[in-house]
Amino acid sequence: MSGPADSIEIQNVVASTGIGQELDLEALADDLPGADFNPDNFPGLVYRTQDPKAAALIFRSGKIVCTGAKSIDDVHEALGIIFDKLRGLSIPVDEAPEITVQNIVSSADLGHNLNLNALAIGLGLEDVEYEPEQFPGLVYRMDEPKVVILLFGSGKIVITGGKRTDDAETAVEEIVKRIDNLGLLD
Amino acid sequence: RLRKWQERIRTKDAGERNLQFALSEIDRMASALGVPRSVREVASVIYRRALNEDLIRGRSIEGVATSALYAACRQEGIPRSLDEVAEVSRVPQKEIGRTYRYISQELGLELKPVDPKQFVPRFASALGLSEEVQAKATEIIDVSAEQGLLSGKSPTGFAAAAIYAASLLCNEKKTQREVADVAQVTEVTIRNRYQEQIEAMGFR
DNA sequence: AGTTTACTTTATAAAGC
DNA sequence: GCTTTAAAAAGTAAACT
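Residues numbered from 1 in each chain as written. Chains lettered and ligands numbered in written order. Predicted model: local features only at pLDDT ≥ 70, side-chain atom pairs only at ≥ 80, totals over all residues. Heavy atoms only, no water.

Chain A has the name TATA-box-binding protein in an unreviewed UniProt entry, where Halopelagius fulvigenes is given as its organism. What UniProt records for chain A under Sequence similarities (unreviewed entry) is the sentence "Belongs to the TBP family." The Function (unreviewed entry) field of the UniProt record for chain A holds the comment "General factor that plays a role in the activation of archaeal genes transcribed by RNA polymerase. Binds specifically to the TATA box promoter element which lies close to the position of transcription initiation." (UniProt positions renumbered as here; feature names shortened; annotations may be inferred.)

This brings us to the overall build of chain B. Per the secondary structure count, chain B includes 10 helices and zero strands. Along the chain direction, N to C, the helices and strands of chain B fall in the order α-α-α-α-α-α-α-α-α-α. Referenced to the eigenvectors of the C-alpha coordinate spread, the extents of chain B come out at roughly 80 × 30 × 25 Å. Across chain B, every contact between residues at least 6 apart in sequence was considered, and the portion connecting residues at least 24 apart equals 72%. Put simply, chain B shows about 10500 Å² of open surface, and 46% of that area lies on carbon and sulfur atoms. (Helix = DSSP H or I, 4+ residues; strand = E, 2+ residues; numbered from the N terminus. Contact = heavy atoms within 4.5 Å. Areas by Shrake-Rupley, 256 points an atom, 1.4 Å probe, with all protein chains shown as cover.)

Residues and elements named next belong to chain B. Helix 8 (residues 155–169) packs onto helix 7 (residues 131–146) with a crossing angle of 125° between their chain directions and a minimal axis gap of 8 Å. Judged by the inter-axis angle, helix 7 sits oblique to helix 8. At the point where helix 7 passes helix 8, the crossing takes the right-handed sense. Two secondary-structure elements touch here, helix 7 through Val133, Lys136, Ala137, Ile140, Ile141, Ser144 and Ala145 and helix 8 through Phe158, Ala159, Ala162, Ile163, Ala165, Ala166, Ser167 and Leu169. Of the residues belonging to the contact of helix 7 with helix 8, the class tally is 12 nonpolar, two polar and one charged. (Axes fitted to C-alpha atoms, helices over the stretch in contact; angles between N-to-C directions. Parallel < 35°, antiparallel > 145°, perpendicular 65-115°, else oblique. Left-handed = near helix turned anticlockwise from the far one by under 90°. Nonpolar A, V, L, I, M, F, W, Y, C, P; charged D, E, K, R; others polar.)

It is worth spelling out helix 7 of chain B at this point. All names here are of chain B. Look at helix 7: 23 Å from first C-alpha to last across 16 residues, which is about the 22 Å you get at 1.5 Å a residue. Considered for burial, the residues of helix 7 that qualify are Val133, Gln134, Ala137, Ile140, Ile141 and Ser144. Buried residues of helix 7, seen end-on, are gathered within an arc of 120° and therefore sit on one face of the element. Exposed residues on helix 7 whose side chains face more than 90 degrees from its buried face are Glu131, Glu132 and Glu146. In this structure, the buried residues of helix 7 make contact with helix 6 (120–126), helix 8 and helix 10 (187–200). Following helix 7 by one or two positions, Gly148 has its phi on the positive side, about 80°. (Expected span 1.5 Å × (residues − 1). Buried < 20%, exposed > 50% of the residue type's maximum accessible area, 1.4 Å probe, protein only. Arc of directions from axis to C-beta.)

Here we come to the packing of aromatic side chains. For any two aromatic rings, the description comes down to two numbers: the centre-to-centre distance and the angle of the planes. Residue and element names in this part refer to chain B. Applying the stated criterion to the full structure yields five aromatic pairs over all chains. Relative to Tyr100, the ring of Tyr70 has its centre 4.9 Å away and its plane inclined at 80°; by these criteria the two rings are edge-to-face. One end of the pair, Tyr70, is in helix 3 (residues 61–75); the other, Tyr100, is in helix 5 (residues 93–106), and 30 residues separate them in sequence. On the basis of relative accessible area, Tyr70 is assigned to the buried category, the value being 1%. (Phe/Tyr/Trp six-rings, centres within 6.5 Å; stacked < 30°, edge-to-face > 60°.)

Attention now moves to the protein's contact with DNA strand C. Within the structure, DNA strand C sits among 24 residues, and Arg60, Ser61, Asn103 and Arg141 of chain A together with Lys94 of chain B are positioned closest to it. The contact atoms of DNA strand C, taken as those within 4 Å of the protein, divide so that sugar and phosphate hold 67%. Here Thr160 of chain A contributes a side-chain N or O atom positioned 3.3 Å from a base nitrogen of DNA strand C. Note that a phosphate oxygen of DNA strand C is positioned 2.9 Å from one of the side-chain N or O atoms of Arg191 of chain B. When its residues are assigned to classes, the surface near DNA strand C shows 10 nonpolar, six polar and eight charged. (Near = heavy atom within 4 Å. Polar contact = N/O pair within 3.5 Å; in protein donor to acceptor, adjacent residues only side chain to side chain.)

Residues in contact with DNA strand D amount to 30 residues; listed here are only the nearest, Arg48, Lys53 and Ser154 of chain A together with Thr189 and Arg193 of chain B. Here a phosphate oxygen of DNA strand D and a backbone polar atom of Ser154 of chain B are 3.0 Å apart. Elements with a contribution of two residues or more to the surface near DNA strand D: strand 1 (9–18), strand 2 (45–49), strand 3 (54–58), strand 4 (63–69) and strand 9 (156–162) of chain A together with helix 10 of chain B. Of the residues in the surface near DNA strand D, the class split is 12 nonpolar, 11 polar and seven charged.

Examined at the domain level, chain A breaks down into domain 1 (15–101) and domain 2 (110–182). Taken over C-alpha atoms, the centre of domain 1 of chain A sits 34 Å from the centre of domain 2 of chain A. (Domains from an automatic or database assignment.)

It is worth spelling out the side chain of Arg193 of chain B at this point. Residue and element names in this part refer to chain B. Mapped onto the elements of the fold, Arg193 is located in helix 10. Arg193 sits in the buried class, given a relative accessible area of 16%. Not counting residues up to four positions away in its chain, the partners in contact with Arg193 are Lys153, Gly157, Phe158 and Ala161.

Moving on, we come to the interface of chain A and chain B. On the chain B side, the residues contacting the 16 residues of chain A number 20 residues. Of the roughly 1500 Å² buried between chain A and chain B on both sides combined, carbon and sulfur atoms contribute 49%. Looking only at chain A, the three residues that lose the most surface to chain B are Leu125, Glu133 and Gln134 of chain A, adding up to 38% of its buried area. The tally of links between chain A and chain B comes to two salt bridges. We note a salt bridge from Arg74 of chain B to Glu131 of chain A, for which the minimum N-O separation is 2.6 Å. One can count eight residue pairs in polar contact (both at pLDDT 80 or more) joining chain A with chain B. It is helix 3 (residues 116–123) of chain A that contributes the most residues to the side of chain A that touches chain B, four residues altogether. Grouping the constituent residues of the side of chain A that touches chain B by class yields eight nonpolar, four polar and four charged. (Buried area = accessible area lost by both parts, 1.4 Å probe. Salt bridge = Lys/Arg side-chain N within 4 Å of Asp/Glu carboxyl O.)

The structure is reproduced here in structure tokens:
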């Protein structure tokens, strides 16, 4: 059975980790080709991997944030590359640093156009933020799973705030139910 | 003990002065926008509620005052766009929008999305257009909104396009530039919405 | 008038102001 | 609160050709 849940695509995964070692970012900026470090703007050093494509923010404390990966596997791959690069610079890195997924951004297509005005009232104005003068999407905060869904007139949606791969799937099934119950899924 | 008394009086005075400042700012902006006294009163009530619920902490008094006025205009059915409100405020439009969303959520205002039709009388009269054009523009908005064209679109741009289309249909033509200026949108937006609307009306 | 680039919104960690 | 990073959605806008 093909449904909206099958159209889900992970677009971005944010994860955090740490190498268990303090870093000299000034020195690291010189040793890592392509590294961006502007301590006046932001305390983290920015390093990008090409394959898989991702961006890492490396901090003096040794903590690292990885963003832009298209899957959880890609996060592990990208961070693995960074760990090896650091080891290559004779920086001691924990053997298998714990990697925590912090946020997953997914997109999906409900396959029907949406009347956002009717949806704002139907879903409940108290849980909805819809200000087309400021942004074309309707913002819906769902409690279980605890995610935020952006709904557009085209029926395309964005699910963010989830930490597990199946949060998006559960959220899509739930939002489809709620919209259908309102009779707003044409 | 005497110090505590003085402190209380001092903070009470400061709070009173801040409230007076906020209310006078609401009055000043409301006058500049030309909204009726009833809207200023609603804005004052919203501001006082925000104050009582401690929503001003971490935000500027002027920002909350402006947002309260923006919300009051909507609540009273005579909305002003964020652009228009920002013009008479010394707070940037982006902050007004954010603060509005925050106080709206926290106070549970539950305001419905702005109806583009509510801009028609004001924009049309600023352009010197007749009642006939206004009625036509209103009809265009109703028909195209029913066909689902309104979702995600800015209410001012939607209203501007309908007024432009209605002015053509009623032989009281205004240029896209003239309509764009009073609605504070670009000609490109009017062109885009106009194309969709005349198609929805079955013209073209 | 068409194209490109860029900004609006959501979530999330990191260190410091 | 802010700063930076990534990505999607769709609307709006400005700067070009």
